[in-house]
Amino acid sequence: MRNIAAIASNDELADFGQPAFSGEQREIMLCTRRQWQLEDALFVGPDKGEAKMSDSDNDIVELETAFWQSMVDKDADRAKKMIANDCLVTGPMGTMKIDPEKYAAMTEEGQWNLAKFEFSDVKVIRPSDDVAVIAYKVHQEGTMKGNRMDLQCADSSTWVRAGDEWKCALHTETILSDD
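What comes next concerns the included structure. Small disclaimer: the values here were computed from a predicted structure and weren't measured.

Conventions and cut-offs
- Each chain has its residues counted from 1, running along the sequence as written.
- Only residues with pLDDT of at least 70 get local features here, since the model is predicted, and only at 80 or more are side-chain atom pairs given and counted; chain-wide, interface and lining totals rely on the full set of residues.
- To obtain the side-chain values, all non-hydrogen atoms of the structure were included, while hydrogens and water were left out.
- The helix count covers DSSP runs of H or I at least four residues long, the strand count covers runs of E at least two residues long, and both are numbered beginning at the N terminus.
- Residue exposure (1.4 Å probe, protein chains only): buried if accessible area is under 20% of the type maximum, exposed if over 50%, otherwise partly exposed.
- The criterion used for residue contact is that any of the two residues' heavy atoms lie within 4.5 Å.
- Should DSSP find at least two bridges between two strands, the strands are taken to pair.
- Here the expected span of a helix is defined as 1.5 Å times the quantity of residues minus one.
- Between the N-to-C directions of two axes lies an angle of 0 to 180 degrees, each axis being a line fitted to C-alpha atoms and, for a helix, fitted only over the stretch in contact.
- This arc is built from the directions going out from the helix axis to the C-beta atoms.
- In the analysis that follows, any N or O atom pair within 3.5 Å is treated as a polar contact, provided that within protein one partner can donate a hydrogen and the other can accept it, and provided that, for residues neighboring in sequence, both atoms belong to side chains.

A word on the side chain of Thr 107
Looking at the element boundaries, Thr 107 is found in helix H5 (residues 100-109). Using a relative accessible area of 1% as the deciding quantity, one classes Thr 107 as buried. Excluding anything up to four places from it in sequence, Thr 107 contacts Ser 70, Lys 74, Asp 75, Ala 76, Ala 79 and Trp 112.

Here is the structure:
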């Protein structure tokens, strides 16, 4: 933990004959204290071993967004680089096991076009350092077999770190009712 003086309340300062902080000064100090607490939570100090920064949940959200954008762009090369060698997919059509090549073919040859998507209610958990699970609602628009598609779904993906890269090992999709 950092060797810093604690930030006291105005009442505590008054007890010691110190002038009180203005609201703005106190807010700046509290923000600095919160930043230090966050940094202390993210880094292991020299007394506890080697310094290590945890991956942020935003990185996983950005990864999932890139995954979806590869579908909008029909970018098979990028899509297959994001899929684990063994990946499970579940959805309205059932379940399937795919590999990067099969996913690339589905991206290029599928009878669908994803025009746009928007995430909401995003949640990320990390069961271990090398596994991240993201769940969210997604509004997606496009076409499926020539018909207009406008869906509200609940999706999730499980990302597994393979060396320096994250790979999708599971993706699920449930179509939500209009209720």
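Points about the pairing of strand S6 (residues 165-175)
A regular strand carries its side chains on alternate faces of the sheet. Here strand S1 (residues 83-91) pairs with S6 via four bridges, running parallel. Looking across to S6, one finds that Ile 83 is bridged to Cys 168. Bridge count between strand S5 (residues 147-162) and S6: ten bridges; the pairing is antiparallel. Counted as the bridge partner of Val 160 is Lys 167 from S6. Count of turn residues in the S5/S6 antiparallel hairpin: two residues, of which Gly 163 carries a positive phi of about 70°.

Focus on helix H3 (residues 57-72)
Between its first and last C-alpha, H3 extends 23 Å over 16 residues, near the 22 Å set by a 1.5 Å rise per residue. Three or more residues of H3 are buried, namely Ile 60, Leu 63, Glu 64, Ala 66, Phe 67, Trp 68, Ser 70 and Met 71. Lys 74 lies just past H3 and shows a positive phi near 50°.

A look at the side chain of Thr 158
With respect to the helices and strands, Thr 158 occurs in strand S5. Excluding its chain neighbours within four sequence positions, the residues that come into contact with Thr 158 are Val 131, Ala 132, Val 133, Lys 167, Cys 168, Ala 169 and Leu 170.

Topic: the sheet that holds S5
Pairing within the open sheet is mixed, and its six strands lie in the order S2-S1-S6-S5-S4-S3. Two strands bound the open sheet, and with one partner strand each, they are strand S2 (94-98) and strand S3 (112-128). Between one strand axis and the next, the sheet turns by 15° as a mean value, whatever way the strands run. Relative to S2, H5 is tilted by about 120°, and along the sheet it contacts S1, S2 and S3.

As for unusual backbone geometry
Positive phi outside glycine occurs at Lys 74, with the angle close to 50°. You can see Lys 74 is positioned in the loop between H3 and helix H4 (76-81). Phi at Lys 145 takes a positive value of approximately 50°, unusual for a residue other than glycine. Here Lys 145 shows up in the loop between strand S4 (131-144) and S5. Judged by its relative accessible area of 58%, Lys 145 is exposed.

A short note on H5
Taken together, the buried positions of H5 are occupied by Pro 100, Tyr 103, Ala 104 and Thr 107. Taken end-on, H5 shows its buried residues confined to a sector of 100°, consistent with a single buried face. For H5, exposure combined with an orientation more than 90 degrees from the buried face picks out Glu 101 and Glu 109. Of the surrounding secondary structure, the elements contacted by the buried residues of H5 are H3, H4, S1, S2 and S3. With a side-chain oxygen positioned 3.1 Å from the backbone nitrogen of Glu 101, the residue opening H5 is Asp 99.

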